[in-house]
Amino acid sequence: MTAVPPARPTFDSFYEQHVETLRRAVSVTLGDHDLGTEATDEAMVRALERWHQVSGYDNPAGWVYRVAVNYATSRLRRIKRRVLRPEVPDQATWLHPRDLELAEALGELSEDHRVVVVLRFQLDWTIDQIAEALEVPSGTIKSRLSRAIAQLRAALDDAGDGRDRRPMGHEEGGPR
């Protein structure tokens, strides 16, 4: 008996399921909501044009994310009047107020570290999916993620109210 390959999603269902999370992830990665929206829209158009091919990928959303970030980076180079900004833009109305502190801490990260954090925790991608999308070895992704989390913890602890946010049993000196 021959196994029937799973049905590929339609572009419409893919778009409805992924556009908002991808738009937000690209916007946070770039530090610019308008550019993130434009880049995501452009990447979705390219995905639609190639849907017969893209729909067969293991992670079509990863392809769209990579195309969006590449589009934005190329556009920024072409116009040469803007650069990727690590800080949260003033027009950060697209973020929830509780996210502003985290967005500022994300802005402190290098682009490589910010990308893996966004993909892992906002899009809930696995290490292997991130590695495939960024065309980087899984070990490199693990290392970047570990360093980024440590930097975020330090930044958020500094910005917080002085409370120790470590889980029970992880106080100074190790577990009790």
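Before any of the text, the structure's been laid out above.
Here goes a summary of the coordinates provided. A quick note: this is a predicted structure, and the numbers were derived from the prediction, not measured.

1. Brief notes about the pattern of salt bridges
Then step 1. Taken as a whole, this structure holds seven salt bridges when the rule is applied.
Then step 2. The closest approach of N and O atoms between R50 and E49, which form a salt bridge, is 3.5 Å.
Then step 3. According to the relative accessible area criterion, R50 is partly exposed, its value standing at 34%.
Then step 4. For R144, the salt bridge identified is with D112, shortest N-O distance 3.9 Å. Here R144, found in helix α8 (residues 138-159), pairs with D112, found in helix α6 (residues 111-122); they are 32 residues apart in sequence, far enough to count as distant.
Then step 5. The class of D112 is partly exposed, set by a relative accessible area of 43%.

2. A word on a negative patch on the surface
Then step 1. Together, D58, D128, E132 and E135 line one region of the surface with negative charge.
Then step 2. By the element assignment, D58 lies in the loop between α3 (51-54) and α4 (60-79).
Then step 3. Relative accessible area serves as the criterion here: at 72%, D58 is assigned to the exposed category.

3. A word on unusual backbone geometry
Then step 1. Although it is not a glycine, D124 sits at a positive phi angle of roughly 60°.
Then step 2. Mapping D124 onto the fold places it in the loop between α6 and α7 (127-134).
Then step 3. Looking at D124, the relative accessible area reads 58%, which means it is exposed.
Then step 4. We note that E135 has phi near 55°; this positive angle belongs to a residue other than glycine.
Then step 5. Checked against the element boundaries, E135 lands in the loop between α7 and α8.
Then step 6. On the accessibility criterion, E135 (64% relative accessible area) is exposed.

Scoring rules and cut-offs
- Residues numbered from 1 in each chain as written.
- Predicted model: local features only at pLDDT ≥ 70, side-chain atom pairs only at ≥ 80, totals over all residues.
- Heavy atoms only, no water.
- Salt bridge = Lys/Arg side-chain N within 4 Å of Asp/Glu carboxyl O.
- Buried < 20%, exposed > 50% of the residue type's maximum accessible area, 1.4 Å probe, protein only.
- Helix = DSSP H or I, 4+ residues; strand = E, 2+ residues; numbered from the N terminus.
- Patch = residues over 30% accessible without salt bridge, like charges linked within 9 Å, V, L, I, M, F, W, Y side chains within 5 Å.
- Areas by Shrake-Rupley, 256 points an atom, 1.4 Å probe, with all protein chains shown as cover.
- Lys, Arg positive; Asp, Glu negative; His and termini not counted.
- Charge placed at Lys NZ, Arg CZ, Asp CG, Glu CD.

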